[in-house]
Amino acid sequence: MQARLKISFLFLMVMITAGFWGCGSKEEAELPSKRVIVYRVPNILKFRTWSTSGTAKDVLETILSFRVSGMIISLPVDVGQKVLAGDLVAELDPTDYLLELREAKASLQDILAELRNAKLDHDRKKKLVKQDVISLSEYDLAASYLDSMRAKADAQRERIAIAERNLSYTRLYVPEAGTISSVPAEVHTNVGIGEPVATLNSRGSLEMDIGVPDRLIAMVKLGQPVTIRFDVFRDMKLDGRVKEVGVRSNETSTFPVTISIDTKDKRIRSGMVGETTFSFEQVEKYRHVVVPAAAIFGLPNDNKYVWVVNPEEKTVHMRKVEILLPAEGGIIVSSGLNPEELVVIRGVHSLQEGQKVRIQEQ
């Protein structure tokens, strides 16, 4: 009887212990749900075509400015005016520069008078030293003074040349034929060296500056063809191509892109507003997307990964991605992600494979 009770007691203890171990394993298997902030991968497949506006400008655009400072007393050009090479753009008050030139010339006359005296003294002492009337050191002093006055005269002539150039710089001329597109300066205002007075557009090839958002910039390539329409000529479609692609975004959070207008038409002029249209018919081969840098993490194997959320099961799964370059607002991912997928952008280092999450979309 006692033996049976002992066996029953031991069996009960084993069952209780097994129950405790089973409960611990279940709790370890079920990780607690974690709140995560996610980012939805842009669906670039929606953008088969995309358009944005820009302003045409001449490729040859020259900012006209003075090489000296002063007050503008004449400004005979106006916006839209056609000009020829050598036409006067603006003129500064030349009074100070005329005074500077006159003072430089007057100083030269004084120096030349001293130079003549030094030359006479040198020639006289040269004869006396040969006759042993004076010492060689006295002659050397006269020769040194003559050389000094000659150098002083040369330096003053250079100052005169500079004063003459500065005086000539008070008149600003058109370097080549074109059209004045802007005149930011005004008469009776002071301008500094290099400060814009007018902008000259030389007739030739036209181009257009536009801004492309980060969701599309990875699909824009150098030489990519585009079509262009201008507001005043909606029936006319021009051909263009991508000339330059910026690597950093500007103040409007878009990437600067320069479009070269290939079709020549005399009706199109600098300053006209037009619309550039991109066609992404082969967009399926472009899987490049920009995702926040916080979504990407690395492992010791040097590979890069993101946590992708399964919205039905509300679980996270680690996925390898290929990255290209940093971009404004994130990293360009070339492969590993699909449109509309959700990636975790907060707390990526505290998650585990298959963990349950509570989703909060950014």
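Once a new chain begins, its residue numbering starts again from 1 and follows that chain's sequence as written. Totals for whole chains, interfaces and linings use every residue, but because this is a predicted model, local features are given only for residues with pLDDT of at least 70 and side-chain atom pairs only at 80 or more, for both listing and counting. Here the side-chain values reflect all heavy atoms present in the structure, with hydrogen atoms and water set aside.

By the naming in an unreviewed UniProt entry, the chain is RND family efflux transporter, MFP subunit, taken from Halodesulfovibrio marinisediminis DSM 17456. UniProt positions are given in the numbering used here, feature names are shortened, and annotations may be inferred rather than shown by experiment. In UniProt, the chain has this text filed under Sequence similarities (unreviewed entry): "Belongs to the membrane fusion protein (MFP) (TC 8.A.1) family."

### Here's the deal with the overall build of the chain
Broken down by element type, the chain carries 4 helices and 20 strands. We call a residue buried when its accessible area falls under 20% of the maximum for its residue type, exposed when it is over 50%, and partly exposed in between, using a 1.4 Å probe and counting protein chains only. Across the 362 residues of the chain, 36% fall into the buried class. Contacts between residues were defined by any pair of non-hydrogen atoms, one from each residue, lying within 4.5 Å. Counting only contacts in the chain whose residues sit at least 6 apart along the sequence, the fraction spanning at least 24 positions is 72%. In this description, accessible areas are obtained by the Shrake-Rupley approach with a 1.4 Å probe, and a residue is regarded as covered only by the protein chains that are shown. Entry remark: accessible area of the chain is about 21,700 Å², with carbon and sulfur atoms responsible for 54%. Labels follow the DSSP assignment, with helices taken as runs of H or I lasting at least four residues and strands as runs of E lasting at least two, numbered in each case from the N terminus.

### Notes on the environment of Ile 345
Along the chain, Ile 345 turns up in the loop between strand 19 (342–344) and strand 20 (357–361). With 37 residues separating them along the chain, Ile 345 and Val 308 place their C-alpha atoms 10.0 Å apart.

### Some remarks on the packing of helix 2 (residues 95–130) against helix 3 (residues 136–168)
For the pair helix 2 and helix 3, the least separation of the axes is 8 Å and the interaxial angle reads 160 degrees. Looking at the two axes, helix 2 sits roughly antiparallel to helix 3. Here helix 2 runs over helix 3; the crossing is left-handed. Polarity classes work like this: nonpolar for Ala, Val, Leu, Ile, Met, Phe, Trp, Tyr, Cys and Pro, charged for Asp, Glu, Lys and Arg, and polar for all others, with Gly in that last group. Grouping the constituent residues of the contact of helix 2 with helix 3 by class yields 21 nonpolar, 4 polar and 12 charged. Simply put, an axis is a line fit to the C-alpha atoms, just over the touching stretch for a helix, and the angle between two N-to-C directions goes from 0 to 180 degrees. An angle below 35 degrees is treated as roughly parallel, one above 145 as roughly antiparallel, one from 65 to 115 as roughly perpendicular, and anything else as oblique. Note on convention: near helix rotated counterclockwise from far helix by under a right angle means a left-handed crossing. Clockwise means right-handed.

### A few points about the pairing of strand 12 (residues 255–261)
A large share of strand 12 lies buried, amounting to 6 of its 7 residues. Strand pairing is assigned whenever DSSP detects at least two bridges linking the two strands. Summarising the sheet, strand 11 (residues 233–245) and strand 12 pair through 5 bridges and their orientation is antiparallel. Considered in strand 12, the bridge of Val 242 is made with Ile 259.

### Overview of the side chain of Asn 201
By the element assignment, Asn 201 lies in strand 9 (residues 196–212). Judged by its relative accessible area of 2%, Asn 201 falls in the buried class. Counted as a polar contact is a pair of N or O atoms within 3.5 Å, where, for protein atoms, one must be capable of donating a hydrogen and the other of accepting one, and residues adjacent in sequence contribute only when both atoms are in side chains. A polar side-chain atom of Asn 201 sits 3.5 Å from a polar atom in the side chain of Ser 181. Ignoring sequence-local partners within four residues, the contact set of Asn 201 consists of Asp 58, Leu 60, Glu 61, Gly 178, Thr 179, Ser 181 and Ser 270.

### Remarks on helix 3
Between the first and last C-alpha of helix 3 there are 49 Å, a value that for 33 residues agrees with the 48 Å anticipated at 1.5 Å per step. Those residues of helix 3 not exposed but buried are Tyr 139, Ala 142, Ala 143, Leu 146, Met 149, Ala 153, Gln 156, Ile 160, Ala 163 and Asn 166. Those residues of helix 3 hidden inside the fold are in contact with helix 2. Expected span of a helix, by definition, is 1.5 Å for each gap between consecutive residues, and there is one gap fewer than residues.

### As for the nonpolar core
Formed by 24 residues in total, the largest nonpolar core has its most connected members in Val 212, Ile 228, Phe 230, Val 257, Ile 259 and Phe 278. Elements supplying a minimum of two residues to this core: strand 2 (49–65), strand 9, helix 4 (214–217), strand 10 (225–230), strand 11 and strand 12. In contact with Val 257, other than residues within four places in its own chain, are Met 208, Asp 209, Ile 210, Val 212, Ile 217, Val 220, Val 242, Glu 244 and Val 245. Here, nonpolar core means buried Ala, Val, Leu, Ile, Met, Phe, Trp, Tyr and Cys residues that are tied together by side-chain atoms lying within 4.5 Å of each other. Phe 66, Ile 72, Leu 172 and Val 197 belong to the second-largest nonpolar core, a separate cluster that totals 20 residues.

### Things to note about the packing of aromatic side chains
Any two rings among Phe, Tyr and Trp, with Trp reduced to its six-membered ring, count as a pair given centres within 6.5 Å; such a pair is stacked if its planes are under 30 degrees apart, edge-to-face if over 60, and tilted if neither. Summed over the entire model, instances satisfying the criterion amount to 3 aromatic pairs. When the ring of Trp 50 is compared with that of Phe 278, the centres are 6.0 Å apart and the planes differ by 40 degrees; the resulting orientation is tilted. Of the two residues, Trp 50 is situated in strand 2 and Phe 278 in strand 13 (residues 273–279); the sequence distance between them amounts to 228 residues. Considered together, Trp 50 and Phe 278 belong to a single accessibility category, that of buried residues. Ring centres of Phe 297 and Trp 307 lie 5.8 Å apart, and the angle between their planes is 25 degrees; on these two criteria the pair is classed as stacked.

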